[in-house]
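Chain by chain, the residues run as shown.
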Amino acid sequence: MSDNNEDSIANKDEAEKCRDIGIKAYQNKDYDKAIKFLDKSLKLYQLPDVIAWKERVRQAMSNDNNNQSNHKAKNNTSTKSNTTTNNNDESSSNTRPYSSEQESGSKKILQLAKKGHYEVLGLEKTANESEIKKAYRKLALKYHPDKNSAPSAEQAF
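A. Here's a closer look at the overall build of the protein. Counting secondary structure elements, the protein contains eight helices and zero strands. Counting from the amino terminus, helix and strand elements in the protein follow one another as α-α-α-α-α-α-α-α. Sorting the 157 residues of the protein into buried and exposed places 26% on the buried side. Across the protein, every contact between residues at least 6 apart in sequence was considered, and the portion connecting residues at least 24 apart equals 48%. Accessible area for the protein stands at about 11800 Å²; split by element, carbon and sulfur atoms hold 48% of it.

Written out as structure tokens, the structure reads:
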């Protein structure tokens, strides 16, 4: 029974941390992140103010979406060529920002893939299984599309 009580206290602490991260994300107008952490907070422990914060974030998201749709309707003169060079463009299909290093790394992987898997991993053909797994994990952490939002990241992975 004491283990259950300790879990509850630990969950409450973690829920409070998630709530605080969610509130900071809301204040920074990162509404998706705010909802994600507020949801996580609720799953860990039912804090009384989290539901109110979620409603506040949803209202802000709704207001922000209305403002963006009005803005897009007024400024419908942007060209398609800007979406490939400007990674923060609203009309781009990829809304998350990415660095030039992420894009160049993804393109490098695509070029190396033509030579072979060992080239992509930066290993010699005599590498053992653990070296291969280690190199793969390192690249996956860096270039997986969930971590790297560059347009070529999905193809590279």
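Structure's up, so let's keep going.
B. Focus on the environment of Glu16. Secondary-structure assignment places Glu16 in helix 1 (residues 2-27). Counting along the chain gives 34 residues from Glu16 to Val50, while the straight-line C-alpha distance between them is 9.2 Å.

C. Representation of the nonpolar core in the model. Counting residues in hydrophobic clusters, the biggest one holds 13 residues, and the most contacted among them are Tyr31, Ala34, Leu38, Leu47, Val50, Trp53 and Val57. Taken together, the elements giving at least two residues each to this core come down to helix 1, helix 2 (31-44) and helix 3 (50-74). Apart from residues lying up to four places away in sequence, Ala34 is in contact with Gly22, Ala25, Tyr26 and Val57.

D. Broad picture of helix 7 (residues 129-143). Over its 15 residues, helix 7 runs 21 Å from end to end, which matches the ideal 21 Å to within 8%, given 1.5 Å per residue. Among the residues making up helix 7, those that are buried are Ala135, Ala140 and Tyr143. Taken around the axis of helix 7, the buried residues stretch over an arc of 135°, which confines them to a single face. Exposed side of helix 7, more than 90 degrees from the buried face: Ser130, Lys134, Arg137, Lys138 and Leu141 are the residues found there.

E. The pattern of salt bridges, seen in detail. As enumerated under the stated definition, the model contains five salt bridges in all. Here Asp49 makes a salt bridge to Arg19, at a shortest N to O gap of 3.5 Å. One end of the pair, Asp49, is in the loop between helix 2 and helix 3; the other, Arg19, is in helix 1, and 30 residues separate them in sequence. Residue classification places Arg19 among the buried positions, given a relative accessible area of 16%. Linking Asp39 and Lys54 is a salt bridge whose minimum nitrogen-to-oxygen distance equals 2.4 Å. With Asp39 in helix 2 and Lys54 in helix 3, this residue pair connects regions lying 15 residues apart in the sequence. You can call Asp39 partly exposed: its relative accessible area is 26%. By sharing partners, the salt bridges in this structure join Arg19, Asp20 and Asp49 into a single network.

F. Main features of the packing of aromatic side chains. Summed over the entire model, instances satisfying the criterion amount to two aromatic pairs. A centroid spacing of 6.2 Å and a plane angle of 50° characterise the contact between Tyr26 and Tyr31, whose relative ring orientation is tilted. Seen from their ring centres, Tyr26 and Trp53 are 5.6 Å apart, and the 70° between their planes marks the pair as edge-to-face. With Tyr26 in helix 1 and Trp53 in helix 3, this residue pair connects regions lying 27 residues apart in the sequence. A network of ring pairs unites the aromatic residues Tyr26, Tyr31 and Trp53 as a single cluster. Geometry around Trp53 places Arg56 over its ring, the cationic atom sitting 4.2 Å from the centre.

Calculation notes
- Residues numbered from 1 in each chain as written.
- Predicted model: local features only at pLDDT ≥ 70, side-chain atom pairs only at ≥ 80, totals over all residues.
- Heavy atoms only, no water.
- Helix = DSSP H or I, 4+ residues; strand = E, 2+ residues; numbered from the N terminus.
- Buried < 20%, exposed > 50% of the residue type's maximum accessible area, 1.4 Å probe, protein only.
- Contact = heavy atoms within 4.5 Å.
- Areas by Shrake-Rupley, 256 points an atom, 1.4 Å probe, with all protein chains shown as cover.
- Core = buried A, V, L, I, M, F, W, Y, C linked by side-chain atoms within 4.5 Å.
- Expected span 1.5 Å × (residues − 1).
- Arc of directions from axis to C-beta.
- Salt bridge = Lys/Arg side-chain N within 4 Å of Asp/Glu carboxyl O.
- Phe/Tyr/Trp six-rings, centres within 6.5 Å; stacked < 30°, edge-to-face > 60°.
- Lys NZ or Arg CZ within 6 Å of the ring centre and 35° of its normal.

Function cannot be inferred from these measures alone, as they are strictly geometric.
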